[in-house]
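# Secondary and tertiary structure notes
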Amino acid sequence: MLVTIEGIDGSGKSSLVLSLHTLLSDLSPVFTREPGSTWVGDQVRRAVAEKADPITEALLFAADHAAHLSTLVRPSLERGLLVISDRYSDSRYAYQQETLKGYIDDPLAWLRALHAGWTVCPDLTFLIVLPVDEALSRIKEKQNREHFENHRLLEKVQDQYLALAKSDPSRFVLVDGTKDEGEIAGFVAGVIRDAFGRSRSHRRP
Ligand code: TYD
């Protein structure tokens with residue numbers, strides 16, 4: 001089963017994932033992330049740091065996704081494992097839909113076409129939602145802030161995320177990011193545990 005965790009920068013994804021390591025350890029999940037830890041992921045981080053043009057950047061994010069699928073996601077799913085990814089294709093649909101405006105006529109249609117036929121759709125996606133001011137205040141200490149981390153862009157990215165969630169309510173679970181970290185982690189772990197249990201009982205003959 002493939003679970004993804006999405007949200008704007010500063011939404012608390014990293015702390016959530018850290019807690020899930022402990023709360024779900026008995027299920028031995030495969031924890032992963034995009035951009036990934038392959039050399040392709042390194043090139044994505046370089047493109048982001050050097051503010052490459054938005055189309056180059058989007059294509060590199062998609063290349064990283066392809067490498068992620070072939071090296072880790074597909075092989076793990078084929079073994080029946082639980083895969084939990086910190087960011088995945090919805091990050092492209094939310095962030096690049098904004099960064100590509102003015103460069104591509106219909107960025108979402110272009111991004112969907114770019115992924116069509118080879119991507120793997122998540123079974124469950126948690127979207128952490130919180131006021132952009134709060135998210136930014138959490139990352140204000142950080143050095144070398146990415147160019148995505150500005151108020152105007154993150155407002156729009158969060159709107160895109162919410163629109164994606166609205167269009168696919170059976171996959172998305174909205175999480176109130178202003179709640180206590182422990183409460184969020186307990187809730188998310190519980191939903192994943194139930195869903196993974198159900199998916200395993202369906203697999204049994
Ligand atoms: P990352 O270093 O993982 O930051 P975070 O810890 O906030 O997840 O991701 C770098 C940035 O890349 C982050 O601002 C979100 C952005 N991003 C995209 O714009 N598109 C994508 O497809 C992905 C995976 C990330």
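Throughout what follows, the structure given in this document is the object of discussion.

Procedures and definitions
- Residues numbered from 1 in each chain as written.
- Predicted model: local features only at pLDDT ≥ 70, side-chain atom pairs only at ≥ 80, totals over all residues.
- Heavy atoms only, no water.
- Helix = DSSP H or I, 4+ residues; strand = E, 2+ residues; numbered from the N terminus.
- Expected span 1.5 Å × (residues − 1).
- Buried < 20%, exposed > 50% of the residue type's maximum accessible area, 1.4 Å probe, protein only.
- Arc of directions from axis to C-beta.
- Contact = heavy atoms within 4.5 Å.
- Near = heavy atom within 4 Å.
- Polar contact = N/O pair within 3.5 Å; in protein donor to acceptor, adjacent residues only side chain to side chain.
- Areas by Shrake-Rupley, 256 points an atom, 1.4 Å probe, with all protein chains shown as cover.
- Nonpolar A, V, L, I, M, F, W, Y, C, P; charged D, E, K, R; others polar.

Turning our attention to helix α7 (residues 151-167). For α7, which comprises 17 residues, the first-to-last C-alpha distance of 25 Å matches the rise-based estimate of 24 Å (1.5 Å per residue) to within 8%. Taken residue by residue, α7 has Leu153, Leu154, Val157, Gln158, Gln160, Tyr161, Leu164 and Ala165 as its buried positions. One face of α7 carries all of its buried residues, which in axial projection span an arc of 160 degrees. Exposed and oriented more than 90 degrees from the buried face of α7 are Arg152, Lys166 and Ser167. Close packing links the buried residues of α7 with β1 (2-7), α4 (89-99), α5 (107-115), β4 (124-129), α6 (132-139) and β5 (172-176).

What surrounds the ligand is a group of 13 residues, the closest being Asp9, Arg33, Arg87, Arg92 and Gln96. Between an oxygen atom of the ligand and a side-chain N or O atom of Asp9, the distance comes to 2.6 Å. Between the ligand and the protein, one listed contact pairs an oxygen atom with a side-chain N or O atom of Arg33 at 2.4 Å. Within the complex, the protein chains bury 91% of what would otherwise be the 540 Å² of accessible surface of the ligand. A per-class count over the shell around the ligand returns 4 nonpolar, 2 polar and 7 charged.

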